[in-house]
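Below, each chain spelled out in residue letters.
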Amino acid sequence: MATAQRSVPPARGVLQFSIHDRLWKWLLLLPSLLMTTVLFIAPVVWTLYAAFTDLHLFRVGVETEWVGLYNFQKLLGNSSFWRTARNTVVFMLGVVPMQFLIGMVLAVCLDNVTRGLKLFRTWFLMPLMVSPVVVAFVIGRMLFQEDIGPINSLIRWLGFEGIPWLTHPNWAMFTIMVIDVWQWSSFMILMLMAGLQGVPYDLREAASIDGASFWQTFFRITLPLVLPIAATALLIRIIDAFKVVDIIMVLTGGGPGQATESVTLAIYRAGVKGGDLAFGSSQAYFLLLVMVVFGGAFLALTRRTMSQTKD
């Protein structure tokens, strides 16, 4: 006859250890939580408050007043801000697709390389190790210098006139794009190389045996399997491109005129140099809204594409 089993309550020491262990985990997390609150949450809340006031850094002795949506109305009617917004969108649309194209082409070319692959990876990491300010100064200020720069010197030696790389509005934006593409294409190459290594070789070999061409194999097998990593890399670069400020400040300072000024540089000038923290905060939140819209649309398109490829 089976004996009834009684539930034995946990020992007192085990319960104390469990409570003590849980408390110890929270104590270890406390510095990170405090740092996150101080460095992220508090500035976000404070700038959101500032966007609805007339807060000014250089106005001493005057009380800050609540102005509601005035800063955003001022923003929408500011033609200077819309020029910077257009420049930022043009920059993003110019550099991110080119970086993806270069990254995909080189990643596919290096996918079957067996010798020297570590050397190639190290080589592609080198541009990412250099600060964008240094890249802008060394490549932009020296190579694209209009009077004695090596590129214009070569163009004049070939019998053509030098190009105003940094003083003409269109050429200045093009120069900034070239420098950004040179530095951040390496990121795309490394991410897509990692994605291609996760594609089973058996699938591509079976497609080749069945008579599929290289392009058929790439678009129907390789690309759909690489798409999750490619989407992540693209989203990271889209966000970074919207926040561009360093190479613009070093190369052109936003000029000539406002031809290359980005929204982030306009926020810095309005909020930090100009002291108008209220208007700068409204610009920052408008930029955040644009980034959320672009990022959300891109993720929705990516999910739709991935679902269609699975079907």
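Caption draft 1: Highlighting the overall build of the protein. The number of helices and strands found in the protein is twelve helices and zero strands. Across the protein, helices and strands are ordered from the amino to the carboxyl terminus as α-α-α-α-α-α-α-α-α-α-α-α. In summary, the protein has a C-alpha radius of gyration of 27 Å against a globular reference of 19 Å for 311 residues, an excess of more than 25%. Each principal axis of the C-alpha distribution contributes one length, and for the protein these read about 105 × 75 × 35 Å. When burial is assessed residue by residue, the protein has 34% of its 311 residues classed as buried. The contacts of the protein with a sequence gap of at least 6 include a subset with a gap of at least 24, amounting to 66%. Of the accessible surface of the protein, which amounts to about 19700 Å², a share of 69% is contributed by carbon and sulfur atoms. The distance from the centre of the 22 positive side-chain charges to the centre of the 17 negative ones in the protein is 8 Å.

Caption draft 2: Spotlight on the confidence of the model for the protein. The share of residues in the protein with pLDDT of 70 or more is 92%, and the mean pLDDT across the chain is 84. When pLDDT is averaged over each element of the protein, helix H3 (residues 79-110) comes out on top at 92 and helix H1 (residues 12-50) at the bottom at 76.

Caption draft 3: Examining the pattern of salt bridges more closely. Per the stated rule, a full pass over the model turns up five salt bridges. Where Arg237 meets Asp240, a salt bridge forms, and the shortest distance between an N and an O atom there is 3.5 Å. Highlighted residues: Arg237 and Asp240, both in helix H9 (residues 214-242), separated by three residues, approximately one helical turn. Residue classification places Asp240 among the partly exposed residues on the basis of a relative accessible area of 28%.

Caption draft 4: Highlighting the nonpolar core. Membership of the largest hydrophobic core comes to 42 residues, with the highest contact counts inside it found for Phe91, Val95 and Val96. For this core, the elements supplying multiple residues, two or more each, are H3, helix H5 (132-143), helix H7 (169-197), H9, helix H10 (246-251), helix H11 (263-273) and helix H12 (277-310). Not counting chain neighbours up to four residues away, the residues in contact with Phe91 comprise Met173, Ile176, Met177, Asp180, Ala241 and Val244. Counting residues in each nonpolar core, the second largest holds 13 residues, with Met104, Ala107, Leu117 and Phe218 among its members.

Caption draft 5: Region of the structure containing the packing of aromatic side chains. This model, assessed by the stated rule, comprises 15 aromatic pairs. Centre to centre, the rings of Phe52 and Trp66 are 5.6 Å apart; their planes meet at 10°, and the pair counts as stacked. Of the two residues, Phe52 is situated in the loop between H1 and helix H2 (70-76) and Trp66 in the loop between H1 and H2; the sequence distance between them amounts to 14 residues. Aromatic side chains Trp171 and Phe174 sit 5.7 Å apart centroid to centroid with 85° between the ring planes, which places their arrangement in the edge-to-face category. With Trp171 and Phe174 both in helix H7, this residue pair falls three residues apart, about one helical turn. Overall, Trp171 belongs to the partly exposed group, its relative accessible area being 33%. Judged by relative accessible area, which is 41%, Phe174 ranks as partly exposed. Put simply, the rings of Tyr49, Phe52, Trp66 and Phe72 pair up and form one aromatic cluster. One Lys or Arg, Lys74, reaches over the ring of Phe279 and ends 4.6 Å from the middle of that ring.

Caption draft 6: Just the environment of Asn170, in detail. Note that Asn170 resides in helix H7. Using a relative accessible area of 59% as the deciding quantity, one classes Asn170 as exposed. Residues Asn170 and Val89, spaced 81 residues apart in sequence, show a C-alpha to C-alpha distance of 15 Å.

Caption draft 7: Looking closely at the packing of helix H4 (residues 117-129) against H7. In contact at an axis separation of 7 Å, H4 and H7 are set at 145° when each is read in the N-to-C sense. Crossing hand, H4 versus H7: left-handed. Touching Leu117, Arg121, Phe124, Leu125, Pro127 and Leu128 of H4 are Trp182, Gln183, Trp184, Ser186, Phe187, Ile189, Leu190, Met193 and Gln197, all from H7. Of the residues belonging to the contact of H4 with H7, the class tally is eleven nonpolar, three polar and one charged.

Cut-offs and rules
Residue numbers restart at each chain and count upward from 1, following the sequence in its written direction. Only residues with pLDDT of at least 70 are given local features in this predicted model, and only at 80 or more are side-chain atom pairs given and counted; all residues enter the totals for whole chains, interfaces and linings. As a rule here, side-chain values come from all non-hydrogen atoms in the structure, and water together with hydrogens is ignored. Secondary structure elements follow DSSP: runs of H or I of four or more residues count as helices, runs of E of two or more count as strands, with numbering from the N terminus. To get the radius of gyration, use the C-alpha atoms; to get the globule rule, take the number of residues to the power 0.38 and multiply by 2.2 Å. Buried, partly exposed and exposed residues are distinguished by accessible area as a fraction of the type maximum, computed with a 1.4 Å probe on protein chains only: under 20%, between the cut-offs, and over 50%, respectively. Note on definitions: a residue-residue contact is assigned when non-hydrogen atoms from the two residues lie within 4.5 Å. What sets the accessible areas is the Shrake-Rupley method with a 1.4 Å probe; for residues, cover comes only from the shown protein chains. When charges are counted, neither His nor the chain ends are considered; positive counts come from Lys and Arg and negative counts from Asp and Glu. A charged residue contributes its charge at one atom only: NZ of Lys, CZ of Arg, CG of Asp or CD of Glu. pLDDT expresses how confident the predictor is about each individual residue, on a scale running from 0 to 100. Only one rule defines a salt bridge in this text: a Lys or Arg side-chain nitrogen within 4 Å of an Asp or Glu carboxyl oxygen. Residues belong to a common nonpolar core when they are buried Ala, Val, Leu, Ile, Met, Phe, Trp, Tyr or Cys residues joined through side-chain atoms within 4.5 Å. In summary, the pairing rule links any two rings of Phe, Tyr or Trp, Trp by its six-membered ring, whose centres are within 6.5 Å, and it sorts them by plane angle into stacked for under 30 degrees, edge-to-face for over 60 and tilted for everything else. Here, a charge over a ring is recorded when the distance from Lys NZ or Arg CZ to the ring centre is within 6 Å and its angle to the ring normal is within 35 degrees. Only C-alpha atoms enter the line fits that serve as axes; for helices the fit covers just the stretch in contact. Angles between N-to-C directions range over 0 to 180 degrees. The hand of a helix crossing depends on one turn: near helix anticlockwise from the far one by less than a right angle means left-handed, and clockwise means right-handed. Note on residue classes: Ala, Val, Leu, Ile, Met, Phe, Trp, Tyr, Cys and Pro are nonpolar, Asp, Glu, Lys and Arg are charged, and everything else, Gly too, is polar.

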